[in-house]
Amino acid sequence: MNTTEFFSVVERVYAFHGRRAPGIVIGVAMVHKAVELLGNVKKQIAFVETRTCLPDVVQYLCGCTIGNGDLRMVDQMGKYAFSLFNKDTGNGIRVFIDINKISLENTPELYKFFLRRRDPVVLTSKEARKASGELVVKEFLTVADKIIGSEKVSALDLSKPELFEANICLNCKESFTTPSKDNNICPHCSQEFSYYKICEQQS
Ligand SMILES: [Zn+2]
């Protein structure tokens, strides 16, 4: 893939992601590497080790999504890394950022980006964030080939998460899935878990 093609892919992923984040450019290069090394496979499944940027790149470029079950979030790992597996064999490629190959001297902004040590002003100033982001990308492009590490891996468990049966909540009358057949109150109504409160009931 030439540079023009690469950046046209980046633009499409930017649009999907909704932001021109440096993690997208880095992610596109990582996904390309994983896809190239994995080769042509019928079905693939991805495990992504971070919540930031990379899941969107994988979803957009690999068609492995949260909704279709082929993107598994393993972000408790906390690494800018992911694995792409052949779903039929469980063999795959893991790609990651090799921080030991990033030079603080030659590519300081990139180094600080991955260690989350950029000037705190990037959190408060849009202009500073943009300038830093552009610098991260610029530095990354000079070393992209060297800093994306890869390894052959095999999956420990590709089984599907269990699908529960559905009950109708006695209180709100909505159907909900639950591991227990005897549970007739949804998490919201039982106050076991919720993320909203109702302000006004419609119809
Ligand atoms: Zn309910």
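Scroll up to find the structure.
Criteria and cut-off values
Residues numbered from 1 in each chain as written. Predicted model: local features only at pLDDT ≥ 70, side-chain atom pairs only at ≥ 80, totals over all residues. Heavy atoms only, no water. Helix = DSSP H or I, 4+ residues; strand = E, 2+ residues; numbered from the N terminus. Rg over C-alpha atoms; globule rule 2.2 N^0.38 Å. Buried < 20%, exposed > 50% of the residue type's maximum accessible area, 1.4 Å probe, protein only. Contact = heavy atoms within 4.5 Å. Areas by Shrake-Rupley, 256 points an atom, 1.4 Å probe, with all protein chains shown as cover. Pairing = 2+ DSSP bridges. Axes fitted to C-alpha atoms, helices over the stretch in contact; angles between N-to-C directions. Salt bridge = Lys/Arg side-chain N within 4 Å of Asp/Glu carboxyl O. Patch = residues over 30% accessible without salt bridge, like charges linked within 9 Å, V, L, I, M, F, W, Y side chains within 5 Å. Donors = N, O, S within 2.8 Å, 3.2 Å for Na, K, Ca; no water. Tetrahedral: all angles 85-135°; square planar, octahedral: opposite > 155°, others 65-115°. Core = buried A, V, L, I, M, F, W, Y, C linked by side-chain atoms within 4.5 Å. Polar contact = N/O pair within 3.5 Å; in protein donor to acceptor, adjacent residues only side chain to side chain. Phe/Tyr/Trp six-rings, centres within 6.5 Å; stacked < 30°, edge-to-face > 60°.

**Q** What am I meant to see in the overall build of the protein chain here?
**A** Counting its regular elements, the protein chain contains 7 helices and 7 strands. Ordered by position from the N terminus, the helices and strands of the protein chain form the series α-α-β-α-β-β-β-α-α-α-β-β-β-α. For the protein chain, the C-alpha radius of gyration of 21 Å lies well beyond 17 Å, the compact-globule estimate for 203 residues. Along the longest, intermediate and shortest principal axes, the C-alpha atoms of the protein chain span 65 × 45 × 30 Å. Looking at the 203 residues of the protein chain, the share that counts as buried comes to 38%. Of the contacts formed within the protein chain by residues at least 6 apart in sequence, a portion of 60% connects residues at least 24 apart. Summed over its atoms, the accessible surface of the protein chain is roughly 13400 Å², and 51% of this surface lies on carbon and sulfur atoms.

**Q** For this particular structure, what's the right way to read the sheet that holds strand β3 (residues 81-86)?
**A** Two orientations exist for strands paired in a sheet by backbone hydrogen bonds: parallel and antiparallel. Reading across from one edge, β2-β1-β3-β4-β5 is the order of the 5 strands in this open sheet, with mixed pairing throughout. Taken across any chain shown, the strands that pair with only one partner, and hence form the sheet edges, are β2 (71-73) and β5 (148-154). Across this sheet, the average inter-strand angle for adjacent strands is 20°, counted without regard to direction. When strand β4 (residues 91-97) meets β5, the two strands line up antiparallel, connected through 7 bridges. Note that in β5 the partner of Arg94 across the bridge is Glu151. Helix α6 (residues 126-147) contacts β4 and β5 of the sheet and is inclined by roughly 30° relative to β5.

**Q** Please explain the pattern of salt bridges as it appears in this structure.
**A** Side chains bearing opposite charge may pair, as long as their charged atoms lie close to each other. Applying the stated rule across the entire model yields 8 salt bridges. In this structure, Arg20 engages Glu11 in a salt bridge whose closest nitrogen and oxygen atoms are separated by 2.8 Å. When the shortest N-O distance is used, the salt bridge between Asp75 and Arg51 registers 3.2 Å. Highlighted residues: Asp75 in the loop between β2 and β3 and Arg51 in the loop between β1 (44-48) and α3 (54-62), separated in sequence by 24 residues. Of the residues examined, Asp75 reaches a relative accessible area of 23% and is grouped as partly exposed.

**Q** Sorry, what's going on with a nonpolar patch on the surface here?
**A** A cluster of nonpolar side chains, Phe193, Tyr195, Tyr196 and Ile198, forms an exposed patch at the surface whose accessible area comes to about 500 Å². When you line up the elements, Tyr195 lands in the segment after α7 (187-190).

**Q** What should I look at first to understand the coordination of the zinc ion in this one?
**A** When four donors bind a metal tetrahedrally, each ideal donor-metal-donor angle is 109.5 degrees, and when six bind octahedrally, the ideal angles are 90 or 180 degrees. Within the protein, the zinc ion binds to Cys169 (SG), Cys172 (SG), Cys186 (SG) and Cys189 (SG); these donor distances fall in the range 2.3 to 2.4 Å. Its 4 donor atoms give the zinc ion angles of 100 to 115° at the centre, a pattern that matches the tetrahedral case. Taking relative accessible area as the criterion, Cys172 reaches 29% and is therefore assigned partly exposed.

**Q** I tried to follow the nonpolar core on my own but got confused; where do I start?
**A** Most often, soluble globular proteins keep nonpolar side chains buried together rather than apart. One finds Ile26, Met30, Val58, Phe82, Leu110 and Phe140 to be the most contacted residues of the largest nonpolar core, which totals 42 residues. Residue assignment for this core shows that the elements contributing at least two residues are α1 (3-17), α2 (22-38), β1, α3, β3, β4, α4 (108-114) and α6. The element contributing the most residues to this core is α2, with 9 residues. Excluding residues that lie within four positions of it along the chain, Phe82 makes contacts with Met30, Val31, Ala34, Ala46, Phe47, Val48, Leu54, Val58, Ile93, Arg94 and Val95.

**Q** What should I look at first to understand the environment of His17 in this one?
**A** Among the structural elements, His17 can be located in helix α1. A relative accessible area of 19% places His17 in the buried class. Measuring from C-alpha to C-alpha, the distance between His17 and Val57 comes to 7.9 Å, with 40 residues separating the pair along the chain. A distance of 2.8 Å separates a polar atom in the side chain of His17 from a polar atom in the side chain of Asp56.

**Q** What exactly am I supposed to notice about the packing of aromatic side chains here?
**A** Centre distance and the angle of the planes are the two values used to describe a pair of aromatic rings. Inspection of every chain in the model, using the stated rule, returns 6 aromatic pairs. Each ring, one from Phe47 and one from Phe85, has its centre 5.6 Å from the other, and the planes form 90°; the classification is edge-to-face. Taken together, the positions of Phe47 in strand β1 and Phe85 in strand β3 put the pair 38 residues apart, joining distant regions of the chain. Through a chain of ring-to-ring contacts, the aromatic side chains of Tyr80, Phe113 and Phe114 assemble into a single cluster.

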